[in-house]
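So the chains spell out like this:
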Amino acid sequence: MKKQIIVGLSLLFFGVVQAQIDENYIHFNLGGGEQNLSYTLQNGTEKAQSGYTINATYSHIFISDWGFQTGLGVHSYGALSTLNYQSATPNVIDAAGDSYEFRVNYKNWQEKQQALFVNIPLELQYLFLFSDKFSVMTGFGASVSIPLKANYKTVGGEMVTTGYYSKWNVELSDLPLHGFSTYTGSYSGNLSLKPAYTAIVDFGGLYKLSDKLDLYVG
């Protein structure tokens, strides 16, 4: 699996509650949509799953409406992979010394992967005041996402193992003692992911609701 995280499709409109003290802002936002783990899957398909973001950030405007923003966030990502193909391992020797081809047939075999990251952004920002009620805030920077946990779990389909003996032109199945069986159980485990690095471009508007509360849409 490629250790790369991307956002496949996310909600572009979200609300932010802000507490303003002089030229300092505290931002809170919630987001959601289809988030994805990006990897190359041979002989199968991969789809995005629903995810969410929760962020708390702090902005400080210090010189001629310029400032910076940093904070902490939690982002979830998920993917669902589906396999429909048959693999074959030739020249396997059984207990009697005969050679056969070990086949594994994946029939709509589905696996769900989930990952949770802590996100730390750093942005350079510019605040432009249009009026006492409305202003525009824009910024650019980067963020690092550190994996907290990542795991996988099978959620459907079946895996059928058989042995093909070319010597007799016969394919053996339904022999669990010899490793030829049908598997439909649930399998799970942990994934190892590296930190992800993301560029940030932000543009939005601030509407003053009160002296200490603004609504942000961006």
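Conventions and cut-offs
Residues numbered from 1 in each chain as written. Predicted model: local features only at pLDDT ≥ 70, side-chain atom pairs only at ≥ 80, totals over all residues. Heavy atoms only, no water. Helix = DSSP H or I, 4+ residues; strand = E, 2+ residues; numbered from the N terminus. Buried < 20%, exposed > 50% of the residue type's maximum accessible area, 1.4 Å probe, protein only. Contact = heavy atoms within 4.5 Å. Areas by Shrake-Rupley, 256 points an atom, 1.4 Å probe, with all protein chains shown as cover. Core = buried A, V, L, I, M, F, W, Y, C linked by side-chain atoms within 4.5 Å. Phe/Tyr/Trp six-rings, centres within 6.5 Å; stacked < 30°, edge-to-face > 60°. Salt bridge = Lys/Arg side-chain N within 4 Å of Asp/Glu carboxyl O. Pairing = 2+ DSSP bridges.

Enquirer: Hey, could you go over the overall build of the protein chain for me, with residue numbers and the actual values?
Expert: Check the secondary structure of the protein chain and you find 0 helices and 12 strands. Going residue by residue from the N terminus, the α and β elements of the protein chain occur as β-β-β-β-β-β-β-β-β-β-β-β. Each of the 218 residues in the protein chain was classed as buried or not, and the buried ones make up 33%. Relative to all contacts within the protein chain whose residues are 6 or more apart in sequence, the contacts with residues 24 or more apart total 67%. For the protein chain, the exposed area adds up to about 12,900 Å²; of that, 58% sits on carbon and sulfur atoms.

Enquirer: Could you give an account of the nonpolar core, naming the residues involved and the relevant values?
Expert: Core analysis: the biggest nonpolar cluster contains 8 residues, these being Leu37, Tyr39, Tyr77, Ala79, Ala115, Phe117, Ala150 and Leu193. Listing elements by their share of this core, those giving two or more residues are strand E5 (66-93) and strand E6 (99-129). Counting residues in hydrophobic clusters, the runner-up holds 6 residues, among them Tyr25, Ile61, Leu127 and Met137.

Enquirer: I'd love a proper account of the packing of aromatic side chains, names of residues and values included.
Expert: Within the structure shown, the criterion is met by 12 aromatic pairs. Plain terms: the ring middles of Tyr58 and Phe68 are 6.4 Å apart, the flat faces sit at 70 degrees to each other, and that makes the pair edge-to-face. Highlighted residues: Tyr58 in strand E4 (residues 44-63) and Phe68 in strand E5, separated in sequence by 10 residues. Given the relative accessible area of 31%, Phe68 is considered partly exposed. Seen from their ring centres, Tyr165 and Trp168 are 5.7 Å apart, and the 40 degrees between their planes marks the pair as tilted. Each member of the aromatic cluster is reached from another via a ring pair, and the members are Tyr100, Phe102, Tyr165, Trp168 and Phe180.

Enquirer: How would you explain the pattern of salt bridges if you had to name every residue and give the values?
Expert: Inspection of every chain in the model, using the stated rule, returns 4 salt bridges. Among the salt bridges present, the one from Glu101 reaches Arg103, with a minimum N-O distance of 2.7 Å. Relative accessible area serves as the criterion here: at 23%, Glu101 is assigned to the partly exposed category. Residue Arg103 is classed as buried on the basis of its relative accessible area, which comes to 16%. Among the ionic pairs, Glu158 bridges to Lys107, the shortest N-O distance being 3.9 Å. With Glu158 in strand E7 (residues 134-165) and Lys107 in strand E6, this residue pair connects regions lying 51 residues apart in the sequence. Assessed through its relative accessible area of 26%, Glu158 is described here as partly exposed. Exposure remark for Lys107: the relative accessible area of 38% places this residue in the partly exposed category. Because the salt bridges share partners, they merge into one network encompassing Glu101, Arg103 and Glu171.

Enquirer: With reference to specific residues and values, describe the pairing of E6.
Expert: Pairing geometry for E5 and E6, over 23 bridges, is antiparallel. By the bridge assignment for E6, His75 is matched with Phe117. Counted between consecutive antiparallel strands, the loop separating E5 from E6 contains 5 residues, among which Gly97 sits at a positive phi close to 90 degrees. Note: E6 against E7, 27 bridges, orientation antiparallel. Looking at the pairing, Glu123 lines up with Gly141 of E7. In this antiparallel pair of consecutive strands, E6 and E7, the connection spans 4 residues.

By themselves, these observations are geometric and do not establish any function.
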